[in-house]
Amino acid sequence: MRGYCVSFWVLALLQTLTLAHPAEYSENGEVQVVQESENFLENPSYLKNAEIGTLFAQLAKDYPQLAEAYSIGRSLEDRPLHALALSAPTPEAKDGDLLRPMVKLVANIWGDETVGRQLVLYAAEFLASHYEADREVQRLLNTTEIHFLPTCNPDGFARAKVSH
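A short tour of the structure in this document, coming up.

## Brief notes about the sheet that holds strand E4 (residues 145-149)
One open sheet holds the four strands; their spatial order is E1-E2-E4-E3, and the pairing between them is mixed. In the strand order of this sheet, the two ends are held by strand E1 (67-74) and strand E3 (102-106), each with one partner. Strand-to-strand, the axes of this sheet are offset by a mean angle of 20°, without reference to chain direction. Bridging between E3 and E4 involves five bridges; their strand directions are parallel. In the sheet register, Val106 faces E4, and the bridge partner there is Leu149. The strands that helix H3 (residues 49-62) touches are E1, strand E2 (80-86) and E4; relative to E2, the one it contacts most, it runs at about 25°.

## Let's talk about the packing of helix H4 (residues 114-130) against helix H5 (residues 135-143)
Interhelical geometry of H4 versus H5 gives an angle of 105° and a closest axis separation of 9 Å. The orientation of H4 relative to H5 falls into the category roughly perpendicular. Taken together, the residues of H5 that come into contact with H4 (itself represented by Phe126, Leu127 and His130) are Val137, Leu140 and Leu141. Residues of the contact of H4 with H5, tallied by class, amount to five nonpolar, one polar and no charged.

## Describing H3
Between its terminal C-alpha atoms H3 stretches 20 Å, which fits the 20 Å expected from 14 residues at 1.5 Å a residue. For H3, every residue scored as buried is listed here: Asn49, Ile52, Gly53, Leu55, Phe56, Leu59 and Ala60. Mapping the buried residues of H3 onto a view down its axis gives an arc of 165°, with all of them on the same face. Away from its buried face by more than 90 degrees, H3 exposes Ala50, Thr54 and Lys61. Buried positions along H3 lie against E1, E2, H4, E4 and helix H6 (154-159).

How each quantity is defined
Residues numbered from 1 in each chain as written. Predicted model: local features only at pLDDT ≥ 70, side-chain atom pairs only at ≥ 80, totals over all residues. Heavy atoms only, no water. Pairing = 2+ DSSP bridges. Helix = DSSP H or I, 4+ residues; strand = E, 2+ residues; numbered from the N terminus. Axes fitted to C-alpha atoms, helices over the stretch in contact; angles between N-to-C directions. Contact = heavy atoms within 4.5 Å. Parallel < 35°, antiparallel > 145°, perpendicular 65-115°, else oblique. Nonpolar A, V, L, I, M, F, W, Y, C, P; charged D, E, K, R; others polar. Expected span 1.5 Å × (residues − 1). Buried < 20%, exposed > 50% of the residue type's maximum accessible area, 1.4 Å probe, protein only. Arc of directions from axis to C-beta.

Next up, the structure:
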């Protein structure tokens, strides 16, 4: 049961965002499949800790008005604990709005909860890349500051074994 809490909340967040859009229908009333080009879905894989740092740095570079990459420290085996903050504060709240809700999504506490780790990464990339075009994402990031910590235990993830 240990990786499921974060997975549930991230899935609920993504489901809320995707359900906010009306379905697209063809002239004859059939549902149309809408293809989205999601970077993280083009080549799905579990990212290594260094790749998480690279991804967060790239998101901060690509979306400087929304994203800030930072580290909260280092693991026992000296791996960085990468984090990302996403928010689109108004100009008057730029210096810090104490009433703005803050949310922290944390995953991979034991090291072998890989799905939760990836869901946190996918959520961060989805929100940053969809801010300009998606009103629900805009509403969320305009009113909330979200911090993503995809792995609390990069050492455990590095030691985890793949099983079939």
